[in-house]
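An overview of the molecular structure
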Amino acid sequence: TEVTRGSGAKAAGLRKGDLLHSIDGNPVVNCDAVLKVVQGHQPGDTISIGVVRLDRVVTVNADLVSRDEILRRRLVGQPIVA
């Protein structure tokens, strides 16, 4: 229902209201299917994501990054909590 600012989904071009349709041409039937496809790739790989947007299937590409890189990006420029 939402796309978090600074997230990989936002960077890939996903929008609020997009519904996952496929990843690399494989149908998305549940969350486990998403995890299986993503975990089958390495950081630096690019995947294609099909989403239903306004009653059409649109394809966007996402560059995968490591969990450490995601955390680094979220912390850069944020104030340090005492």
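Just so you know, these numbers come straight off a predicted model, no measurement behind them.

1. Brief notes about the environment of Arg5
Summarising the element assignment, Arg5 is placed in the segment before α1 (8-12). For Arg5, a relative accessible area of 78% gives the class exposed.

2. Details of the nonpolar core
If you look at the biggest cluster of nonpolar residues, it comprises 11 residues: Ala12, Leu14, Ile23, Val37, Ile47, Ile49, Val51, Val58, Val60, Ala62 and Leu64. Those residues within four positions of Val58 in sequence are excluded, and the remaining contacts are Ile49, Gly50, Val51 and Arg53.

3. Some details on unusual backbone geometry
You will see that Leu54, though not glycine, has its phi angle at about 50 degrees, which is positive. With a phi angle near 65 degrees, Asp55 is a residue other than glycine that sits in the positive phi range. Among the structural elements, Asp55 can be located in the loop between β3 (46-53) and β4 (56-63).

4. Things to note about the sheet that holds strand β2 (residues 26-27)
Here we have 4 strands laid out as an open sheet, ordered β2-β1-β3-β4, and antiparallel in their pairing. Each edge of the open sheet carries a strand with a single partner, namely β2 and β4. Sheet topology note: the β3/β4 ladder contains 8 bridges and is antiparallel. In the strand pairing of β4, Ile49 is matched with Val60.

5. As for the environment of Val52
Here Val52 is to be found in strand β3. The spacing of Val52 and His21 is 31 residues in sequence and 6.3 Å in space, taken between C-alpha atoms. Other than its neighbours up to four places away in sequence, Val52 contacts Gly17, Asp18, Leu19, His21 and Val57.

6. A look at the environment of Gly13
For Gly13, the location among the structural elements is in the loop between α1 and β1 (19-23). Given the relative accessible area of 29%, Gly13 is considered partly exposed. Taking C-alpha positions, Gly13 is 18 Å from Gly25, a pair spaced 12 residues apart along the chain. Ignoring any residue separated from it by four or fewer positions in sequence, one finds Gly13 in contact with Asp18, Arg53 and Val60.

Rules used throughout
Residues numbered from 1 in each chain as written. Predicted model: local features only at pLDDT ≥ 70, side-chain atom pairs only at ≥ 80, totals over all residues. Heavy atoms only, no water. Helix = DSSP H or I, 4+ residues; strand = E, 2+ residues; numbered from the N terminus. Buried < 20%, exposed > 50% of the residue type's maximum accessible area, 1.4 Å probe, protein only. Core = buried A, V, L, I, M, F, W, Y, C linked by side-chain atoms within 4.5 Å. Contact = heavy atoms within 4.5 Å. Pairing = 2+ DSSP bridges.

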